[in-house]
Amino acid sequence: MRGVFVDANGSLADIFERQNKAGDPAVRVNRDPDIKPEQMPALLDGAEIVIIDHTALPTDVARRCGGLKHVVFLGTGARSYMNPEELAELGIEVHLIKGYGDIAVAECTIALMWAAARGIAEMDREMRAGNWLREDGMQLTGKTLGLIGFGGIAAEVARIALGSGMRVVAWNRSPKKFAGVDFVALDALLAQSHVVSLHLLLNDETRGFLSRERIAAMKPGVILVNTARGAVVDEAAMIEALKSGQIRHAGLDVFNIEPLPADHPLTKLPNVTLSAHSAFRTPEASENLIHAAWEHCRRIAKG
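Throughout, a residue's number is its position along its own chain's written sequence, starting from 1. Only residues with pLDDT of 70 or above have their local features reported here, since the model is predicted, and side-chain atom pairs are shown and tallied only from 80 upward, although totals for entire chains, interfaces and linings are computed over all residues. Neither water nor hydrogens contribute to the side-chain values; these are computed over all heavy atoms in the structure.

**Student:** Help me out: how do you make sense of the overall build of the chain in this one?
**Tutor:** Elements are defined by DSSP. Helices are runs of H or I of four residues or more, strands are runs of E of two residues or more, and each kind is numbered from the N terminus. Within the chain, the secondary structure is distributed over 11 helices and 12 strands. Within these notes, the globule rule equals 2.2 Å times the number of residues to the 0.38 power, and the radius of gyration is based on C-alpha atoms. For a compact globule of 303 residues, the expected C-alpha radius of gyration is about 19 Å, and the chain comes in at 21 Å, within 12% of that figure. Principal-axis analysis of the C-alpha atoms places the extent of the chain at approximately 60 × 45 × 35 Å. Residue burial is assigned from relative accessible area. The probe radius is 1.4 Å, only protein chains are included, and a residue is buried under 20% of its type maximum, exposed over 50%, and partly exposed in between. Across the 303 residues of the chain, 50% fall into the buried class. Of the roughly 14,300 Å² of accessible surface on the chain, a fraction of 51% belongs to carbon and sulfur atoms. This count recognises Lys and Arg as positive and Asp and Glu as negative, with His and chain-terminal groups excluded. Here the site of a charge means atom NZ of a Lys, CZ of an Arg, CG of an Asp or CD of a Glu. Side chains of the chain carry 33 positive and 37 negative charges; the gap between the two charge centres is 4 Å. Accessible surface is estimated by sampling points in the Shrake-Rupley manner with a 1.4 Å probe; for residues, cover comes only from the protein chains shown.

See below:
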């Protein structure tokens, strides 16, 4: 059984090759993170396994990948890059990797929250332009953090926030328990929270989950943090709320269009802190990610 890691950047390629063990399935590493989907059939050359970091795999391209049976996607957000149900109809199974970067993403969530509360990025921009901008920040100790969705990442965010003296409430579609966290109805979370942080997987049910109506139901002057997926938020409504002050500040690591275009409306707003979908990018998370990818390949090869 053969595989190809089709879009490996330099650091992931090095880790992947270093973690290769005797007896592992043969997986070729293509050190080109900028390949185009239409290059995939030739790159795979009949291989049964493809490892994908961030390249789209449209169904019509997958149909031309003769022999392909397994996609190992490096993360949980495969739906942003492919249609797993359509691939399943072609006999191609999509394998996800969960939990590898929970701590990394949680720490980025906390960093975006604190940066938003104190206006760090805005002051930095203004000082570099020669302006001495001084504005009051939001003191977070004693404030309420609302977590929408409560998996591994949200649990790590809760742990850090509780340690910093915040009250933490959460809403999850299925019942959960976590020491120190109050699980509440979504309406109560929106009304009570000084900071709202999104931790939902993207699917048909969660697309546009933070709608115009739910944004309007949030506490005026709320901080919004999104390290989940851009499409779980009604982007146009969020931009309007940022302009009106309903949302005091947004810390965003994910967007509907990535890379974010230079002329995108979000780049023009002073009360937004932008991060280039990098919450998961730490050496520790990358080691975990590639270890899990190899484990998928080994399990697939063993049948």
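Having seen the model, we can carry on.
**Student:** Hey, could you run me through the pairing of strand β4 (residues 70-73) in this one?
**Tutor:** Residues in a regular strand point their side chains to alternate faces of the sheet. With burial as the criterion, each face of β4 is covered, one bearing His 70 and Val 72 and the other bearing Val 71 and Phe 73. Criterion used throughout: strands pair if DSSP finds at least two bridges between them. The pairing of strand β3 (residues 49-52) with β4 spans 4 bridges and is classified as parallel. Each bridged residue has a counterpart across the sheet, and for Ile 52 the counterpart in β4 is Phe 73. For β4 and strand β5 (residues 93-95), the ladder comprises 3 bridges, and the chain directions are parallel. From the neighbouring strand, Val 71 faces β5, where its bridge partner is Val 94. Once the chain exits β4 it traverses helix α4 (residues 84-89) before rejoining the sheet at β5, and the crossover so formed is right-handed. With its strands directed away from the observer, a crossover is right-handed exactly when the path from the first strand over the helix to the second travels clockwise.

**Student:** What is the right way to read the sheet that holds strand β10 (residues 222-226) from this model?
**Tutor:** Strand order in the open sheet formed by 7 strands is β8-β7-β6-β9-β10-β11-β12, and the pairing between neighbours is parallel. The two strands at the open ends of the sheet, each matched to only one other strand, are β8 (181-183) and β12 (272-274). Between one strand and the next, the sheet's axes are offset by a mean angle of 20 degrees, whatever the strand orientation. As judged from the 4 bridges shared by strand β9 (residues 195-198) and β10, these two strands associate in the parallel manner. Within β10, the residue paired with Ser 197 across the bridge is Val 225. Orientation is described by lines fitted to C-alpha atoms, with helices fitted over the stretch in contact, and by angles between N-to-C directions that extend from 0 to 180 degrees.

**Student:** Would you explain the side chain of His 264 in this entry?
**Tutor:** Assignment of secondary structure puts His 264 in the loop between β11 (247-252) and β12. Residue His 264 is classed as buried on the basis of its relative accessible area, which comes to 8%. Two residues qualify as a contact provided that any one of their heavy atoms is within 4.5 Å of a heavy atom in the partner residue. Apart from the residues lying within four places of it in its own chain, the contact partners of His 264 are Glu 235 and Ile 239.

**Student:** Before we go on, may I ask you to explain the packing of helix α5 (residues 102-118) against helix α7 (residues 152-163) in this structure?
**Tutor:** In a packed pair of helices, the relevant descriptors are the angle between the two axes and the axis-to-axis distance. One can describe the packing of α5 onto α7 by two numbers: an axis separation of 8 Å at closest approach and a directional angle of 50 degrees. Here α5 is positioned oblique relative to α7, judged by the angle of their axes. The two elements α5 and α7 meet at a crossing, and its hand is right-handed. In this structure, α5 uses Asp 102, Ile 103, Val 105, Ala 106, Glu 107, Thr 109 and Ile 110 to contact α7, whose residues at the interface are Gly 152, Ile 153, Glu 156, Val 157, Ile 160 and Ala 161. Every angle not falling under 35 degrees, over 145, or within 65 to 115 is termed oblique; those three ranges are roughly parallel, roughly antiparallel and roughly perpendicular. Crossing handedness is defined as follows: a turn of the near helix away from the far one that is anticlockwise and smaller than a right angle gives a left-handed crossing, while the clockwise case is right-handed.

**Student:** I tried to follow the packing of aromatic side chains on my own but got confused; where do I start?
**Tutor:** Aromatic ring pairs: the centre-centre distance and the angle between the two ring planes describe each pair. Centres within 6.5 Å make a pair out of two Phe, Tyr or Trp rings, where for Trp the six-membered ring is used; the pair is then stacked when the planes are under 30 degrees apart, edge-to-face when over 60, and tilted otherwise. Using the criterion set out here, one finds 6 aromatic pairs in the structure. Plain terms: the ring middles of Phe 5 and Phe 16 are 5.4 Å apart, the flat faces sit at 65 degrees to each other, and that makes the pair edge-to-face. One end of the pair, Phe 5, is in strand β1 (residues 2-5); the other, Phe 16, is in helix α1 (residues 10-18), with 11 residues separating them in the sequence. Exposure remark for Phe 5: the relative accessible area of 0% places this residue in the buried category. Owing to a relative accessible area of 1%, Phe 16 belongs among the buried residues under this scheme. Among the aromatic side chains, those forming a connected cluster through ring pairs are Phe 5, Phe 16 and Trp 294. Across the ring face of Phe 209, the terminal group of Arg 214 is positioned such that the distance to the ring centre comes to 4.3 Å. Distance and angle both matter: a charge sits over a ring if NZ of Lys or CZ of Arg is within 6 Å of the ring centre and within 35 degrees of the ring normal.

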